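Below, each chain spelled out in residue letters.
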Amino acid sequence: MTDVIDTLAGIAQGSALDAIRAQRPQARVHAQATYDSLFAPLSEADASKAERFAIACFVAGLHSQLDVVAFYEKGLAADDKLRAAIGAAAAAARTEGPYGHYPKGPLTAEDKAGAVHRIAEPTRSALGPRLAAACEHTHMLVFHPRDSAPTYLQSLLDAGWSTTGIVVISQLVAFLSYQIRVVAGLRVLNARPA
């Protein structure tokens, strides 16, 4: 079985980085199991595979990780229009962050204002209401994690996402954010062998 993190980080079997990853077998197994459950689900009732790969591309695009985008675009290979729409949405949504406000207290010194992103036409029409709402929610989770609140979930429900589908979106954002950071760290280690 192919390990996605190894693939994205360019880790060759038997290499020094492979040995380092082998020291944390549970982390390796669980990361791959998470990928498998998110992208080869037993049921697509709440989020189709195309929607999952599109959201993954959007997250990777927000992080400016074009090689990760290219990896996940393979899941959209048959849909050039969707790939283009997701690319346009990510390019328009890219920003610096995080933004948000902490509850009143010592951390409010770290508050930083930032716009809440909305997908504009014609990209919104190309994505359709479900993916447009998912991308807006994804942007909120990536750049405004402190501001996420139940009120922001209503637009997902209005666009036709089930509560389980909303959980899937959040899981995708969390996993991709984790995966991108792990891959970046492994690439740094690979570039500086001991």
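(A) Expanded view of the overall build of the protein chain. Scanning the protein chain from N- to C-terminus turns up nine helices and zero strands. Relative to its length of 194 residues, the protein chain is compact, with a C-alpha radius of gyration of 18 Å against a globular reference of 16 Å. The C-alpha extent of the protein chain, read off along each of the three principal axes, is 50 × 50 × 25 Å. Of all 194 residues assigned to the protein chain, the portion counted as buried reaches 40%. In the form shown here, the protein chain has an accessible surface area of approximately 10,300 Å², with 59% of it arising from carbon and sulfur atoms. Once the 18 positive and 18 negative side-chain charges of the protein chain are each reduced to a mean point, those two points are 4 Å apart.

(B) Looking closely at the packing of aromatic side chains. In the structure shown here, the tally under the stated rule is eight aromatic pairs. When the centroid spacing of 5.0 Å and the interplanar angle of 35° are considered together, the rings of Tyr35 and Phe39 count as tilted. Here the residue Tyr35 and the residue Phe39 both occupy positions in helix α3 (residues 25-39), the gap between them amounting to four residues, near one helical turn. Each member of the pair, Tyr35 together with Phe39, is buried. Considering the side-chain rings of Phe53 and Tyr72, the 6.2 Å spacing of their centres and the 45° angle between planes classify their relative orientation as tilted. Remark: Tyr72 occurs in helix α5 (residues 66-73) and Phe53 occurs in helix α4 (residues 49-62); sequence separation between them is 19 residues. In this structure, Phe53 and Tyr72 share a single accessibility class: buried.

(C) Molecular detail of the nonpolar core. Formed by 54 residues in total, the largest nonpolar core has its most connected members in Phe39, Tyr72, Leu127, Trp161 and Leu176. Element by element, the count of residues in this core is highest for helix α9 (residues 163-191), at 10 residues. Leaving out residues up to four positions away in the same chain, Phe39 has contacts with Lys49, Arg52, Phe53, Ala56, Tyr72, Leu172, Phe175 and Leu176.

(D) The arrangement of the packing of α3 against α4 in detail. As a packed pair, α3 and α4 sit with axes 9 Å apart at the nearest point and diverge in direction by 130°. Compared by their axis directions, α3 and α4 come out oblique. Facing α3, whose interface residues are Tyr35, Ser37, Leu38 and Phe39, α4 presents Lys49, Arg52, Phe53 and Ala56.

(E) Spotlight on the environment of Ala92. Looking at where Ala92 falls in the secondary structure, it is placed in helix α6 (residues 80-93). Assessed through its relative accessible area of 55%, Ala92 is described here as exposed. Residues Ala92 and Leu62, 30 residues apart in the sequence, show an inter-C-alpha distance of 9.2 Å.

(F) Geometry of the confidence of the model for the protein chain. Across the protein chain, pLDDT averages 93, with 98% of residues at or above 70. Per-element confidence in the protein chain is highest for α4, whose mean pLDDT is 98, and lowest for helix α2 (residues 16-22), whose mean pLDDT is 90.

(G) Summary view of the state of the cysteines. The full count for this structure, using the stated rule, is zero disulfides. Left without a disulfide partner, Cys57 is nearest to the cysteine sulfur of Cys135, which lies 9.9 Å away.

(H) Inspection of the environment of Val142 at higher detail. Among the secondary structure elements, Val142 is positioned in helix α7 (residues 123-143). Given the relative accessible area of 17%, Val142 is considered buried. Along the primary structure Val142 and Ala174 are separated by 32 residues, whereas in three dimensions their C-alpha atoms are 8.7 Å apart. If near-sequence neighbours (up to four positions away) are discounted, Val142 is found in contact with Leu62, His63 and Val173.

(I) Representation of the side chain of Glu51 within the structure. Tracing the sequence through the fold places Glu51 in helix α4. A distance of 2.7 Å separates polar atoms of two side chains, one belonging to Glu51 and the other to Arg130. Apart from residues lying up to four places away in sequence, Glu51 is in contact with Arg130, Leu131 and Trp161.

Conventions we followed
- For every chain, the first residue of its written sequence is number 1, and the numbers climb from 1 along that sequence.
- Local features are withheld for residues below a pLDDT of 70 in this predicted model, meaning they are given only at 70 or higher, and side-chain atom pairs are given and counted only at 80 or more; totals for whole chains, interfaces and linings count all residues.
- Side-chain measures were taken over the full set of non-hydrogen atoms in the model, leaving aside hydrogen atoms and water.
- A run of H or I in DSSP becomes a helix once it reaches four residues, and a run of E becomes a strand once it reaches two; helices and strands are each numbered from the N terminus.
- To get the radius of gyration, use the C-alpha atoms; to get the globule rule, take the number of residues to the power 0.38 and multiply by 2.2 Å.
- Classification of residues uses two cut-offs on accessible area relative to the type maximum, computed with a 1.4 Å probe and protein chains only: under 20% is buried, over 50% is exposed, and between them is partly exposed.
- Accessibility throughout is a Shrake-Rupley quantity obtained with a 1.4 Å probe, and a residue counts as covered only by protein chains that appear here.
- His residues and chain termini do not enter the charge count, which takes Lys and Arg as positive and Asp and Glu as negative.
- To locate a charge, take atom NZ for lysine, CZ for arginine, CG for aspartate or CD for glutamate.
- Between 30 and 60 degrees the pair is tilted, below 30 it is stacked and above 60 it is edge-to-face, where a pair is any two Phe, Tyr or Trp rings, Trp via its six-membered ring, whose centres lie within 6.5 Å.
- Throughout, nonpolar core names a set of buried Ala, Val, Leu, Ile, Met, Phe, Trp, Tyr and Cys residues whose side chains join them through atoms within 4.5 Å.
- Contacts: residue pairs with any heavy atoms within 4.5 Å of one another.
- Here an axis means a line fitted to C-alpha atoms, over the contact stretch when the element is a helix, while the angle between two N-to-C directions is reported on a 0 to 180 degree scale.
- Oblique is the label for any angle not under 35 degrees, not over 145, and not in the 65 to 115 range, which are roughly parallel, roughly antiparallel and roughly perpendicular in turn.
- Note: pLDDT gives the predictor's confidence per residue, expressed from 0 to 100.
- Here, a disulfide means two cysteine sulfur atoms that sit within 2.5 Å of each other.
- Here a polar contact means two N or O atoms within 3.5 Å. Within protein one must be a hydrogen donor candidate and the other an acceptor candidate, and residues neighboring in sequence count only if both atoms are side-chain atoms.

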